[in-house]
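In case you want the letters, here they are:
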Amino acid sequence: MNFLHRNRWKLESVDLFVQAAVMHKSGAGGERQPLIHTREHQLLFNIDLSIKSGEWVFIVGTNGSGKSTLARLLAGLGQPRVSGVMTSATGASFAPLVTQNPEAALVGMTPEEDAILLLEQLAVPPEEMASRIDAAMRITGLTEWMKQPIAQLSGGQKQLAAIAGCIASEADALIVDEPTAMLDPHASTAVMAALRELHRRGTTIVWVTQRLEELIEGDRVVAMKDGRITFDGSTEHFYIRSSKKSPCEEAGLDATYVVETVWELQQSGVALEPPMPLTASSLAKAVSSYAQQRQPACP
Ligand SMILES: Nc1ncnc2c1ncn2[C@@H]1O[C@H](COP(=O)(O)OP(=O)(O)OP(=O)(O)O)[C@@H](O)[C@H]1O
């Protein structure tokens, strides 16, 4: 069934509450004993968010802004109390969540065995497994390592192994929570490339990150602050200073070096076209075309 252009998730005025432990001291008779009771605590406020099937969405925000809580809610994990309306596309498969610590999710001894165990859990017929696993290993570039003990893989390869299992499951959506947080730039690029390829094949991707250099032109960005969505739009608009501050600054995040440079140029009166180049190469192109336009025409 093709879910393209239908809502994979639609959240309307969603609030999320959890029971959180509260420590306090009792002082009868002077002794100080910690007592613990639980109290309801609101983590998400008035979330309105529609994610279309086949979309790629970045969720960004500072520590504690509510990104992981939202990601877990989309993945259907935990048992928080939720008010408001949340719907998923009819017939949509489950949405696996990959976190920054893949070891917590890997149960097999090798990437291949891990994928087999997941597919067994999903009751995939044995005759389908090999082809699905081979395809997943190809997309993640793990074919060579699929029979290696997981303990002998690098952090990036472990992350790719967790993602390979999700790919083999053929879930229509994948949620990744800061998957590159503990990886070096090379491994981060490999993880990003594997997921961009999966997205190209039609999978909905929700990517939680604080690394703004991962956002590129045309991506959709949802910014969070204090459990609320403060911005939902394109990467370019995320950095535009239409009022005093850009949505990026409103969310308390530091822009990338390229964007900081564009802002400095704008403050010096250099109006670039397009107004918000996001990569070093597009900035270089915008600066050179600005310089050419200002050169006096040859007689
Ligand atoms: N089960 C829970 N009980 C009580 N408070 C919680 C619970 N889970 C999360 N919180 C609180 O909710 C807030 C949002 O947490 P969340 O993990 O969603 O933030 P985050 O944006 O993902 O942060 P980070 O980037 O540090 O991972 C934090 O203040 C956190 O302490």
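Relevant structure appears above.
How each quantity is defined
- All residue numbers refer to positions counted from 1 along the written sequence of the respective chain.
- Per-residue local features of the predicted model are confined to residues with pLDDT of at least 70, and side-chain atom pairs are confined, for both listing and counting, to 80 or more; whole-chain, interface and lining totals are unaffected and use all residues.
- Excluding hydrogens and water, the side-chain figures rest on all heavy atoms present in the structure.
- Counting from the N terminus, the helices are the DSSP runs of H or I reaching at least four residues and the strands are the DSSP runs of E reaching at least two.
- Relative accessible area decides the class of each residue, using a 1.4 Å probe on protein chains only: under 20% of the type maximum gives buried, over 50% gives exposed, and in between gives partly exposed.
- Pairs were defined over the aromatic rings of Phe, Tyr and Trp, the Trp ring being its six-membered one, requiring ring centres within 6.5 Å. Orientation was assigned from the angle between planes: stacked under 30 degrees, edge-to-face over 60, tilted for the rest.
- The rule is short: NZ of Lys or CZ of Arg within 6 Å of the ring centre and within 35 degrees of the ring normal puts a charge over the ring.
- The cutoff for a nearby residue is simple: one of its non-hydrogen atoms must lie within 4 Å of the molecule or strand.
- By the criterion applied in these results, polar contacts are pairs of N or O atoms within 3.5 Å in which, for protein atoms, one can donate a hydrogen and the other can accept it, and in which residues neighboring in sequence qualify only through two side-chain atoms.
- In this description, accessible areas are obtained by the Shrake-Rupley approach with a 1.4 Å probe, and a residue is regarded as covered only by the protein chains that are shown.
- Classes in brief: Ala, Val, Leu, Ile, Met, Phe, Trp, Tyr, Cys and Pro nonpolar; Asp, Glu, Lys and Arg charged; the others, Gly included, polar.
- When DSSP finds at least two bridges between two strands, those strands are taken to pair.

A. Focus on the environment of Ala130. Relative to the helices and strands, Ala130 is located in helix 3 (residues 126-140). Classification of Ala130 as partly exposed rests on a relative accessible area of 49%.

B. The packing of aromatic side chains, seen in detail. Applying the stated rule across the entire model yields six aromatic pairs. In textbook terms, an aromatic cluster arises when at least three aromatic residues are bridged by ring pairs, as seen for Phe231, Phe238, Tyr239 and Trp263. In this arrangement the basic side chain of Arg8 is found over the ring face of Trp9, its NZ or CZ atom lying 4.5 Å from the centre. Stacked on the ring of Trp263, the Lys or Arg Arg241 has its end atom at 4.0 Å from the ring centre.

C. Here's a closer look at the site of the ligand. Lining the immediate environment of the ligand, one finds 13 residues, of which Asn63, Gly64, Lys67, Ser68 and Thr69 sit closest. Asn63 places a polar side-chain atom, nitrogen or oxygen, 2.8 Å from an oxygen atom of the ligand. Measuring from an oxygen atom of the ligand, one finds a backbone N or O atom of Gly66 at 3.0 Å. Contact with the protein chains covers 58% of the free accessible surface of the ligand, which is 640 Å². Sorting the residues of the shell around the ligand by element identifies strand 1 (7-26) and helix 1 (67-75) as the ones contributing at least two each. For the shell around the ligand, the element with the most residues is helix 1, which contributes three residues. Residues of the shell around the ligand, tallied by class, amount to three nonpolar, eight polar and two charged.

D. Summary view of the sheet that holds strand 6 (residues 173-177). Read across the sheet, six strands follow the order 5-6-7-3-8-9 without closing on themselves; strand pairing throughout is mixed. Looking at the sheet topology across the chains shown, the edges are occupied by strand 5 (97-98) and strand 9 (228-234). Pairing of strand 3 (residues 56-61) with strand 7 (residues 204-209) involves five bridges; the strand directions are parallel. Paired with Trp56 across the strands is Ile205, a residue of strand 7.

E. Inspection of the pairing of strand 9 at higher detail. When strand 8 (residues 220-225) meets strand 9, the two strands line up antiparallel, connected through six bridges. In the sheet register, Val221 faces strand 9, and the bridge partner there is Gly233. The antiparallel pairing of strand 8 with strand 9 creates a hairpin that spans two residues between the two strands, and Asp226 there sits at a positive phi of about 50°.

Remember, this is a structural readout, not a statement about activity or role.
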